[in-house]
Amino acid sequence: MIESSDRPDRTPLPRDFFDRPVLEVAPDLLGRTLVRMTDDGPIELRLTEVEAYAGEDDPGSHAYRGRTARNAVMFGPPGHAYVYFTYGMWHCLNLVCGPEDRASGVLLRAGEVRVGQELARKRRVSARSDKELAKGPARLATALDVDRTLDGTDTCAGPDSPLTVLTGAPVPVDQVSSGPRTGVGGEGAAHPWRFWIDGDSTVSPYRAHAPRRRRS
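Cut-off values and rules
- Residues numbered from 1 in each chain as written.
- Predicted model: local features only at pLDDT ≥ 70, side-chain atom pairs only at ≥ 80, totals over all residues.
- Heavy atoms only, no water.
- Helix = DSSP H or I, 4+ residues; strand = E, 2+ residues; numbered from the N terminus.
- Rg over C-alpha atoms; globule rule 2.2 N^0.38 Å.
- Buried < 20%, exposed > 50% of the residue type's maximum accessible area, 1.4 Å probe, protein only.
- Contact = heavy atoms within 4.5 Å.
- Patch = residues over 30% accessible without salt bridge, like charges linked within 9 Å, V, L, I, M, F, W, Y side chains within 5 Å.
- Areas by Shrake-Rupley, 256 points an atom, 1.4 Å probe, with all protein chains shown as cover.
- Salt bridge = Lys/Arg side-chain N within 4 Å of Asp/Glu carboxyl O.
- Core = buried A, V, L, I, M, F, W, Y, C linked by side-chain atoms within 4.5 Å.
- Phe/Tyr/Trp six-rings, centres within 6.5 Å; stacked < 30°, edge-to-face > 60°.
- Lys NZ or Arg CZ within 6 Å of the ring centre and 35° of its normal.

Participant: Sorry if this is basic, but what is going on with the overall build of the protein chain here?
Facilitator: Along its length, the protein chain carries four helices and eight strands. Here the C-alpha radius of gyration of the protein chain, 16 Å, is about what a compact globule of 216 residues would show, namely 17 Å. Its C-alpha atoms give the protein chain principal-axis dimensions of roughly 55 × 40 × 35 Å. A buried classification covers 50% of the 216 residues belonging to the protein chain. Sequence separation of at least 24 residues holds for 62% of the intrachain contacts in the protein chain that already meet a minimum separation of 6.

Dropping the structure here:
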């Protein structure tokens, strides 16, 4: 449980924070604190890199072709977690934003683990340093013990939620960089919808989309 505090940076973000256009929410998440309450204790992470996905208007989004069982949470109320499984081995964590029934979300790509490093290290034994614990979306989800059981979690539900986003320390606009999204191809490749804290060592390296080779 998140203990109550008079500190402004420990205030949970309200639902109306997420009930905005995705391109407003995404950069505004940088510097915020993501809290994951696990059975072993809390893990807190300062968000340093995110990507915006604009639903049915975005060829790079899981919701581009409409609602499915997999992406249904993206169409739900803002402030919920959308968790998907990819490449048969990794999970990725997103935060739903925008008005209900208009799918959009922010992929949490990287962050700095500031509380619960020992818990994150147990799940990220291959990390060479604490800076690598959540350096990339799959690593972030692994470090925070995030899987499909958390799909649909309401991050605005209160202190007993397994996922909460606190006010943290928002990053000044002049410290935010943007560019193409990692690994996105086709028409969605040109959108500069990846946002990160300039110069932060926990930000993941950019990789352009590489088409998969078809097996003969």
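So that's the structure; there's more coming.
Participant: Sorry if this is basic, but what is going on with a nonpolar patch on the surface here?
Facilitator: A surface patch of nonpolar side chains, about 380 Å² in accessible area, is lined by Tyr87, Met89 and Trp90. If you trace the backbone, Met89 turns up in the loop between β3 (81-86) and β4 (90-96).

Participant: In this structure, what is going on with the nonpolar core? I would like to understand it.
Facilitator: Grouped burial of nonpolar side chains is what soluble globular proteins tend to show. Counting 40 residues, the largest nonpolar core has Phe18, Leu29, Leu93, Val106 and Leu108 as the members making the most contacts within it. Considering every element that reaches this core, the biggest residue donor is strand β2 (residues 41-53), with five residues. What Leu108 contacts, discounting residues up to four positions off in sequence, is Leu29, Leu34, Leu47, Glu49, Val50, Leu93, Leu95, Pro137 and Leu140. Residues Ala63, Phe75, Cys92 and Leu107 belong to the second largest nonpolar core, which totals twelve residues.

Participant: Is there a simple way to explain the packing of aromatic side chains in this structure?
Facilitator: Each aromatic ring pair is described using two quantities: the centre-to-centre distance and the angle formed by the ring planes. Scanning the entire structure with this criterion turns up two aromatic pairs. For the pair Phe17 and Phe18, a centre-to-centre distance of 5.1 Å together with 80° between the ring planes defines the contact as edge-to-face. Relative accessible area serves as the criterion here: at 9%, Phe17 is assigned to the buried category. Assessed through its relative accessible area of 0%, Phe18 is described here as buried. Taken together, a centroid distance of 5.6 Å and an interplanar angle of 40° make the contact between Tyr82 and Tyr84 tilted. The ring of Phe17 is capped by Arg20, whose NZ or CZ atom sits 4.6 Å from the centre of that ring. The ring of Trp196 has Arg194 lying over it, and the distance from NZ or CZ to the ring centre is 4.2 Å.

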